[in-house]
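Descriptive analysis of the structure
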Amino acid sequence: MRVERARYFLASVEAGSLRGAAARCGVSQPTIGQQIALLEEELDVVLLTRSRHGVRPTPAGQALIEPLRRLVAAEEAVRESAMESSGAYRGRVQIGGVTVAVETIIAPVVGRLRQYHPGLRFAVREGASAAIEAAVLDGALDFGVITMPSSPAAPGLRRIPLISAPVGAYARTDHPLAGRDHIQWRDLETWPIVTMRAGTVMWETLHRHVAAPDVVVQAMSARTVKVMVGQGAGVGILARFDTSADIADVVWLPLSDADPVHLCLTQRQDSRPSPSALIVRRLIRARAGELAGGAAVS
């Protein structure tokens, strides 16, 4: 049995659709469908029920989820042991990311790998999504974790969705908006705004929904936005990724008419990553999966 087919089946169950599984696995939707059909033929069972609303496991498919998860985990353990014994956990991996991705995804992966594999070295560049993608495209970075821009990826780049978060506002507890359960974009038209700097996805999102926002502070990080809000500079506009940068006396107000933002992995389509870069990239995707399945994003 090809373990990759088990991965595709599990991704389809988790995503609820073949399209979502294809995006998560970085392959085409026809490839996902074909490989799952081959797995069904190999096991002689129907694993998925397909409809206009997506896919869901059949009773047989449901019964096989845990055994297939163990199979995938076992293969990953074998690969990791082989990498370690061959000395592949050495060298330098160059990663880019927006600040929240560095804090919540990249840093935990780097810390884990450095604890057990001291031969690894990392270069981590923080910046706006556009700048990170440009560096990936020209080969200065192995890959990046960015906020998904609204524009299509440049030719030669591929984006793989990782995790989503709602957009909303941070306000001081004594602010007039603080007592609401939620707000809308139009509620921000008359208040001073603190948000991420020009050129970021959050900046573009704000200006797409508020015609002439009174931006009083352009910040370099989500932490700075929260600190500025806590000091009374204005209302902060951010996606809600839980980080260690929580500030006292600041409340979160969801924007009910805002679409969520998405973090994605961006990489060159023709890249040939080193074994170490491949391991780091896989662990970054696994870390994002942990956050998506837990309470890290609210």
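Placed above this text is the structure.
Here's a quick rundown of the structure. Being a predicted model, the structure only gives us computed values, none of them experimental.

Core analysis: the largest hydrophobic core is formed by 57 residues, its most contacted members being Trp-185, Leu-188, Ile-237, Val-280 and Ile-284. A per-element tally of this core places helix α5 (residues 99-116) first, with eight residues. Beyond its immediate sequence surroundings of up to four residues, Ile-237 is in contact with Gly-168, Ala-169, Trp-185, Leu-188, Ile-193, Val-194, Thr-195, Met-202, Leu-206 and Val-225. Core analysis: the next-biggest nonpolar cluster, separate from the first, contains 19 residues, Leu-10, Cys-25, Ile-36 and Leu-47 among them.

This part is about the packing of helix α1 (residues 3-15) against helix α3 (residues 29-43). Contact pair α1 / α3: the axes reach a minimum separation of 9 Å and the direction vectors enclose 110°. The pairing of α1 with α3 is recorded here as roughly perpendicular in orientation. Once α1 is placed against α3, the crossing between them reads as left-handed. Contacts from Arg-5, Ala-6, Tyr-8, Phe-9 and Ser-12 in α1 reach Ile-32, Gln-35, Ile-36, Leu-38, Leu-39 and Glu-42 in α3.

When a strand is regular, its side chains alternate between the sheet's two faces. In terms of residue burial, strand β12 (residues 261-268) counts as a mostly covered element, since six of its eight residues are buried. In this sheet, β12 lies alongside strand β5 (residues 143-147) in antiparallel orientation, the contact comprising four bridges. Note that in β12 the partner of Gly-144 across the bridge is Thr-266. Across eight bridges, strand β6 (residues 157-165) lies against β12 in antiparallel orientation. The residue of β12 that forms the bridge with Leu-157 is Arg-268.

This next bit is on the environment of Leu-38. Within the secondary structure layout, Leu-38 lies in helix α3. Along the backbone, Leu-38 and Arg-5 are 33 residues apart, and their C-alpha atoms lie at a distance of 8.0 Å.

Glancing now at the sheet that holds β5. The strands that make up a sheet pair up through hydrogen bonds in the backbone, lying either parallel or antiparallel. Read from one edge to the other, the open sheet built from five strands follows the order β4-β3-β5-β12-β6, with strand pairing classed as mixed. Each edge of the open sheet is held by one strand with a lone partner, namely β4 (120-126) and β6. The sheet shows a mean angle of 20° between the axes of neighbouring strands, direction not considered. Pairing geometry for strand β3 (residues 91-97) and β5, over three bridges, is parallel. Among the inter-strand pairings, Ile-95 is bridged to a residue of β5, identified as Phe-143. Where helix α6 (residues 129-137) meets the sheet, it contacts β3, β4, β5, β6 and β12, and its direction lies at approximately 160° from that of β5.

The next thing to look at is the sheet that holds strand β10 (residues 235-239). A sheet is described by the order of its strands in space; here five strands give the open sequence β9-β8-β10-β7-β11, paired in mixed fashion. Looking at strand neighbours, the two that pair on one side only are β9 (214-219) and β11 (250-254), the edges of this open sheet. On average, each strand axis in the sheet is inclined to that of its neighbour by 30°, with strand direction left out of account. Helix α7 (residues 201-209) rests against β7 (167-172), β8 (192-196), β9 and β10 of the sheet, and its axis sits at about 145° to β8. Along the sheet, helix α8 (residues 222-230) makes contact with β7, β8, β9, β10 and β11, crossing β10 at roughly 155°.

What counts, and at which threshold
Position labels on residues start from 1 in each chain and follow its written sequence. Only residues with pLDDT of at least 70 are given local features in this predicted model, and only at 80 or more are side-chain atom pairs given and counted; all residues enter the totals for whole chains, interfaces and linings. Working from all heavy atoms in the structure, the side-chain values ignore hydrogens and water. Definition used in this section: a nonpolar core is a set of buried Ala, Val, Leu, Ile, Met, Phe, Trp, Tyr and Cys residues joined via side-chain atoms within 4.5 Å. A simple rule labels every residue: compare its accessible area, found with a 1.4 Å probe on the protein chains alone, to the largest value its type can have, and call it buried under 20%, exposed over 50%, or partly exposed in between. Per the convention used, a helix needs a DSSP run of H or I reaching at least four residues, while a strand needs a run of E reaching at least two, with both numbered from the N terminus. It only takes one pair of heavy atoms within 4.5 Å for two residues to be counted as in contact. Note on geometry: axes are C-alpha line fits, over the in-contact stretch for helices, and angles between N-to-C directions span 0 to 180 degrees. Convention used here: angles under 35 degrees read as roughly parallel, angles over 145 as roughly antiparallel, angles from 65 to 115 as roughly perpendicular, and any remaining angle as oblique. Throughout, a crossing is termed right-handed when the near helix is turned clockwise from the far one, and left-handed when it is turned anticlockwise from it by less than a right angle. At least two DSSP bridges between two strands are needed for those strands to be called paired.

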